[in-house]
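The primary structure of each chain is shown beneath.
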Amino acid sequence: MASRCKISQHLKNCDLGFCSNSPIRRFISTGNRISSFSSSLKPYRNCIHRISISKLTTSSSHHRIGFRKPKSAEKSPTITDCFSQQEDDREVALEGDVVSVAGGIVALGKFDALHVGHRELAIQASKAGTPFLLSFVGMAEVLGWDPRAPVVGKCDRKRVFNSWASYCNDVAPAEFSVEFSSIRHLSPRQFVEKLSKELGVRGVVAGENYRFGYKAEGDVTELVRLCEEYGIGANIVSSVMDTTQSPGITIPTNTKERGQVSSTRVRHALAGGDMKYVSELLGRKHRLKFILPEQGATTIKGKNRISAPKSCLLNLQPKDGSYGNCILLVDDNNMLPCRTVIDSTRIHIESDGNVSWNEVLSQDCRVISIEFDTSLG
């Protein structure tokens, strides 16, 4: 029998870190084209790297550093009791061994959903050199936003990045995060200067609608101009458009929504329970992760049915309801077909296989994953 362990230790061991159609691209660089950047940089560790320095926002399309709360911020379930968003951000800070982004090519953004638009930015970065995703830590806390569940579980991000390797010259992108509080008041010029002089990046990749700097003062035109001035290559990528646009999912109409793939669309697709649409936006099946609590909070009904509180979910769930043809993963190794039922307070898993739930629960901190079928929920 495996030894018992505390949830915090398990999260550490879980490596908590914090496409579709190729869009038309415009390549702009300083002197030589960005694609000519040397790719013979020293290999980095294939894992998620976080440091406490400075946080960016991007969806593959209308990228904007979120210095202000969006006017039409959608309502999302919050993480409570077991794992809050703020606790998540604190867990991701590295202690000691840090890999630098110096000499690398960084895609700029928030990278919440890790959807096909974000993947396209990583692809373009990989064509120019060692790819990094540069994001911010602590934005919600600084701006006073309500905590909300991430689309991708923090301990699942490394798996997603690894799955992108086949698109990125067999190199999985690494994630590099900086503290939002340290860059919040930087002007566009100061931000690019930080990228060049402090972080030492060789190039940046951003979506065509990306905005940056204090109060989102800078656009891609200014980004290109400043990058040229500081000797950094700039690759501006056209938006990856949502060609499906599920009729059953209503996306709020505002100036940011122009039909592109975005984290907002992913969240609304999940809220509508359309898992096929979610998969098309993500480029993979959605995986819901949660930690089984101690037996007192978990109910076993029969041989193959288990129920646990939603407070232990580590990322955003789909709409309450019944989902068939799911895959149950215990520690991401044992894969079993199952049916998932989500109600207002709990998640219920009915397995078709021989699962010894008592044995699973005896280990206290097992991470359970549910992968949803691409049919409608």
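Values in this document were obtained by computation on a predicted structure and should not be read as measured data.

Conventions we followed
- Residues numbered from 1 in each chain as written.
- Predicted model: local features only at pLDDT ≥ 70, side-chain atom pairs only at ≥ 80, totals over all residues.
- Heavy atoms only, no water.
- Disulfide = S-S within 2.5 Å.
- Core = buried A, V, L, I, M, F, W, Y, C linked by side-chain atoms within 4.5 Å.
- Buried < 20%, exposed > 50% of the residue type's maximum accessible area, 1.4 Å probe, protein only.
- Helix = DSSP H or I, 4+ residues; strand = E, 2+ residues; numbered from the N terminus.
- Contact = heavy atoms within 4.5 Å.

Tell me about the state of the cysteines, residues and numbers included.
Following the criterion strictly, the structure yields zero disulfides and no others. There is no disulfide at cysteine 326, and the cysteine sulfur nearest it, in cysteine 338, is 5.1 Å away.

Account for the nonpolar core, naming residues and giving values.
With 51 residues, the main nonpolar core has Leu114, Trp164, Phe290, Ile349, Ile370 and Phe372 as its most contacted residues. Top contributing element to this core by residue count: helix 3 (residues 116-128), with six residues. Those residues in contact with phenylalanine 372 that sit more than four places away from it in its chain are Met275, Lys285, His286, Leu288, Pro318, Tyr323, Cys326, Thr340 and Ile342. Counting 33 residues, the second-largest nonpolar core is a separate cluster that includes Met139, Ile183, Leu226 and Tyr230.

Tell me about unusual backbone geometry, residues and numbers included.
With a phi close to 55°, asparagine 169 is a non-glycine residue in the positive phi region. Owing to a relative accessible area of 54%, asparagine 169 belongs among the exposed residues under this scheme. Phi at aspartate 170 takes a positive value of approximately 60°, unusual for a residue other than glycine. Here aspartate 170 shows up in the loop between helix 5 (157-164) and strand 5 (174-179).

Outline helix 9 (residues 275-282), supporting the account with residue identities and numerical values.
Extensive coverage of helix 9 is indicated by the burial of six of its eight residues. Those residues of helix 9 not exposed but buried are Met275, Tyr277, Val278, Ser279, Leu281 and Leu282. In this structure, the buried side of helix 9 is in contact with helix 3, helix 8 (263-272) and strand 11 (321-330). Two residues or fewer after helix 9 comes glycine 283, characterised by a positive phi angle close to 80°.

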